[in-house]
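Geometric and topological summary
One-letter residues, chain by chain:
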Amino acid sequence: LDATEEPLRRSLVLVSDNITNIGELISHLQGQFGFLAAPRVPYLSLDGFTLPPSQPLGILRDTDVVRVHLVGQQRDSAAVAAASARTDE
């Protein structure tokens, strides 16, 4: 991902039930958008707070806007993704 890739700056992502924590969500996003190349290390944030990979996905709500940051680029932020957290049925 690159901050200049306008179509990817804001994306809506459906999160499957088998993703249980933030680290798995990061891996899913890496696969979806192809930002696997080192040294660009991704992390997520919500309302200015970093989301540690070990946190359960339940920390997110359906309307949360999660920012994807890639460390190792000149510009730290690369995309914005809206994450849809699982809801109890």
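Residues numbered from 1 in each chain as written. Predicted model: local features only at pLDDT ≥ 70, side-chain atom pairs only at ≥ 80, totals over all residues. Heavy atoms only, no water.

Overview of the pairing of strand β2 (residues 41–46)
With six bridges joining them, β2 and strand β4 (residues 65–71) adopt antiparallel strand pairing. Along β4, the bridge assignment pairs valine 41 with valine 71. Here β2 pairs with strand β3 (residues 49–51) via three bridges, running antiparallel. Within β3, the residue paired with serine 45 across the bridge is threonine 50. The loop that links β2 with its antiparallel partner β3 comprises two residues; one of these, aspartate 47, has a positive phi angle of about 50°. (Pairing = 2+ DSSP bridges. Helix = DSSP H or I, 4+ residues; strand = E, 2+ residues; numbered from the N terminus.)

Quick word on the side chain of histidine 69
Mapped onto the fold, histidine 69 is located in strand β4. Among the polar contacts made by the side chain of histidine 69, one reaches the side chain of serine 45 at a distance of 2.7 Å. (Polar contact = N/O pair within 3.5 Å; in protein donor to acceptor, adjacent residues only side chain to side chain.)

Focus: unusual backbone geometry
Even without a glycine there, the phi angle at aspartate 47 is positive, about 50°. Turning to its location among the elements, aspartate 47 is positioned in the loop between β2 and β3.

Observations concerning the environment of valine 71
Note on placement: valine 71 falls in strand β4. The class of valine 71 is partly exposed, set by a relative accessible area of 41%. (Buried < 20%, exposed > 50% of the residue type's maximum accessible area, 1.4 Å probe, protein only.)

A closer look at the nonpolar core
The nonpolar side chains of a soluble globular protein tend to be buried with one another. Among the nonpolar cores identified, the biggest contains 14 residues, and Ile22, Leu25, Leu29, Leu44, Leu51, Leu57 and Leu60 are the most heavily contacted of them. Taken together, the elements giving at least two residues each to this core come down to α2 (22–33), β2 and β4. Ranked by the residues each element gives to this core, the list is headed by α2, at four residues. (Core = buried A, V, L, I, M, F, W, Y, C linked by side-chain atoms within 4.5 Å.)

Some points on the environment of serine 11
Tracing the backbone shows serine 11 in strand β1 (residues 10–14). Looking at serine 11, the relative accessible area reads 15%, which means it is buried. Taking C-alpha positions, serine 11 is 9.8 Å from valine 65, a pair spaced 54 residues apart along the chain.

Coordinates in, geometry out; function isn't part of it.
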